[in-house]
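Residue-level listing of the chains:
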Amino acid sequence: MFSNFKERIISAIAPDLPPLPGSGERAIGAGSGHHHSSPHQRLRFGGSGGHPMPDKFPYARPPFLQLLTPDELRASADHNVRPIIVPRDINLLPWGTGYAECVNSGKSEWNEDQGAFCRQVLSDPEHKHPDLPYTYFGIFDGHAGYGAALAASHQFHHILHEKLVDCLELLLPRDADATNGGGDGTKLNPTFPHPIYFQRRVTKDELIIGALESAFFNMDSLIAQDSDRYRDAGGCTACVSLFIDGKMYVANAGDSRAVLCQRRATPERPQTNTDSGIEPDPLEASCYPVPFSADHTPETERERLLNVARLKPHLMGNHYVAMEYAKRPHVKDMGQRILCRQGTMRGWTYKTLTMGDLCMPVVNGEGKRSRLLGTLGVTRGFGDHELLAINTGIQIKPFLTPHPDVRQRDLTQVVSIPDEDNRDGDYGVLVMATDGLWDVSENESVSRTVFQTLSKYPTEKHRYTMVAQELVARARGKINDSGHWRLADSKAAATVDDISVIVIPVCQYYKEHVEWTQNYKRDLEHRRRQAQANMAQEAVNVLNGVIAEEAHVVEEEEEGEVVVHEPRTSHKHAEAPRRVDGTVDDTLVVELTPSLEQVHLKDPDTAAAESSKEKTNDKDKEAGTTRQQSQQQQKGRKGKGKH
């Protein structure tokens, strides 16, 4: 289906398709609206002899779109049709996550947005704790070229994984008594400081937020290092979501945005407008957005930017002033009082206008038209290390920062009643998109579109892809007879920028997390039982060793006792009574010491029976001896009587 569509497009608009970017010179001056043509373009083609340097990564669309051939790439970048591209195989994205994108209407040659995702596992190298899986999504809006966004889509998740591995031992789940040792009786790694040894409490949330923040700074530094070997990558914004350990983290730097769309399970009955007689839609009344990011523009960060200029005035040279005027001053206003505020002031005051006040303000313009040093429309993100201001050549990077704004949500605290069948509404649907969507769409309208589309496709597996496609289609609008793109519902101007949208069903992640938790508990119980069995077996082995050692000692003692008795027995044999003929009377020889084997082979009952038998024999012998003595005495008496 897509191939037929591609062939029709190519056959119709082949003369207008741009050539694929190669090792040759890349078009300049066609960047996003965040930039204007400036002297920094000379630096983009730096290097010895002025020869253009190569790109670090060849231009491509996100891998899960599977646009692999040059024809498919050219078709996706057509500015006349602006086709909406969705993944061919929705199984490539986890949880049925939806994605859709659309190229701009001609402001840049290629789609400078990029999307990425990655599923990874944090594993314990010593296998003492279960593995901890996590999933990452990222969306990057490039300006002045696609290089920075493309590099971030390829490299950021590797940097983030390294940062999470750095605090691996503190993130992995462990038994409740892990502070004293592992579940298998082993001690924790003594070379890594455990939280109980910290001077202040450090939570897992702070570790993960720190990993995201440091990953943003490292990604920006990596782009700066590559500027000596590769073509200038320009810059990009970054919006990243991380799902780990039953929580959702969203980090944003720039004017891309993440909004969690939610819905109430039992909406209140809206009041009917009696004048118009129109009853509001209950679905529309029950939907509401929760912002999970803040836009970083010169207007929203005016205070920070003016504070930087006030503390470091040398960054402005003699071309800019850290002032904000209620009315732009002119030469004819010299010597007059003008309403202004300086630096980080919140209120307004008057001052007399001087020649120095005629310089351009560090931040000028309002709303989406606000610009930093008259050039850049965003104040946070990656890249822009070689960007110079228009007309003045002042470096803009000292005013920029890659520091993200990180927000989180603990999904384990969400209350969802299964009977209400409102899992998407309770856990929310996270919409991450570049400013191409948000320039013409409000958060509330996006939230309504999400749940209206989901209600149309209640059971389809691709329902979240349909949501992403619908959002892109509404923001792109339709082209009119004059060749201008207009919104379908209001006929207002549609966005002319690139549009990229990711729709993430948060409830599907939490369902996966619950299954992982159950498996983890079973694995932990198995580890405990195995540890107990190992300890019991070890105790048995120790006990057997002790018994064997005692038996060996007893045997040695018994052998020594036999050696001692042998002389006594031989002495008795020597003193045994002899008959008149000189032979030994064997009937009087008694064995005094039984052998060791006989002692060990007799059981208690046999031993008791033999003991009672021996006692009876002894009594019989005593009785017989007594009778013999009495008979001898009687014989003696009789002999005396005869005499």
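Residues numbered from 1 in each chain as written. Predicted model: local features only at pLDDT ≥ 70, side-chain atom pairs only at ≥ 80, totals over all residues. Heavy atoms only, no water.

Caption draft 1: Local environment of the pairing of strand β1 (residues 98-102). Taking burial as the measure, the five residues of β1 include five buried ones, the bulk of the element. Both faces of β1 are covered, namely the face carrying G98, A100 and C102 and the face carrying Y99 and E101. Inspection of the sheet shows β1 paired to strand β20 (residues 499-505) by five bridges, in the antiparallel sense. What sits directly across from C102, in β20, is I499. (Buried < 20%, exposed > 50% of the residue type's maximum accessible area, 1.4 Å probe, protein only. Helix = DSSP H or I, 4+ residues; strand = E, 2+ residues; numbered from the N terminus. Pairing = 2+ DSSP bridges.)

Caption draft 2: Layout of the sheet that holds strand β9 (residues 323-325). Taken together, three strands build an open sheet; the order of strands is β9-β10-β11 and the sheet is antiparallel. The sheet terminates laterally at β9 and β11 (349-352), the two strands that pair on one side only. Across the sheet, the mean angle separating the axes of adjacent strands is 55° when strand polarity is ignored. Taken together, the four bridges between strand β10 (residues 337-342) and β11 define a ladder with antiparallel strand orientation. The partner of R337 across the bridge, within β11, is T352. (Axes fitted to C-alpha atoms, helices over the stretch in contact; angles between N-to-C directions.)

Caption draft 3: Just the packing of helix α11 (residues 443-456) against helix α12 (residues 463-476), in detail. Running from amino to carboxyl end, α11 crosses α12 at an angle of 135°, the nearest separation of the two axes being 9 Å. Classified by the angle between their axes, α11 and α12 sit oblique to one another. Handedness of the α11/α12 crossing: right-handed. Residues V446, T449, V450, Q452, T453 and L454 of α11 touch α12, and the partners they reach there are R463, Y464, M466, V467, E470, L471 and R474. (Parallel < 35°, antiparallel > 145°, perpendicular 65-115°, else oblique. Left-handed = near helix turned anticlockwise from the far one by under 90°. Contact = heavy atoms within 4.5 Å.)

Caption draft 4: Here's a closer look at the packing of helix α4 (residues 147-166) against helix α6 (residues 204-226). Two elements in contact, α4 and α6, have axes whose closest approach is 9 Å; the angle formed by their N-to-C orientations is 135°. The pairing of α4 with α6 is recorded here as oblique in orientation. The two elements α4 and α6 meet at a crossing, and its hand is right-handed. Every residue of α6 that contacts α4 at A148, A151, A152, Q155, F156, I159, L160, K163 and L164 is listed here: A211, L212, S214, A215, F216, N218, M219, L222 and I223. Residues that form the contact of α4 with α6 fall into these classes: 14 nonpolar, three polar and one charged. (Nonpolar A, V, L, I, M, F, W, Y, C, P; charged D, E, K, R; others polar.)

Caption draft 5: Spotlight on the packing of aromatic side chains. Tallied over the full model, the rule gives 16 aromatic pairs. Taking 5.9 Å as the distance between ring centres and 35° as the angle between the ring planes, the aromatic pair formed by Y136 and F156 counts as tilted. Here Y136, found in strand β3 (residues 132-143), pairs with F156, found in helix α4; they are 20 residues apart in sequence, far enough to count as distant. Residues Y136 and F156 agree in their burial class; the two are buried. Here the aromatic cluster, defined as three or more aromatic residues joined through ring pairs, consists of F64, W95, Y99, F117, F137, F243 and Y509. It is R82 that lies over the ring of W485; its NZ or CZ is 4.9 Å from the centre. A cation over an aromatic ring shows up here: R463 above the ring of Y464, its NZ or CZ 5.3 Å from the ring centre. (Phe/Tyr/Trp six-rings, centres within 6.5 Å; stacked < 30°, edge-to-face > 60°. Lys NZ or Arg CZ within 6 Å of the ring centre and 35° of its normal.)

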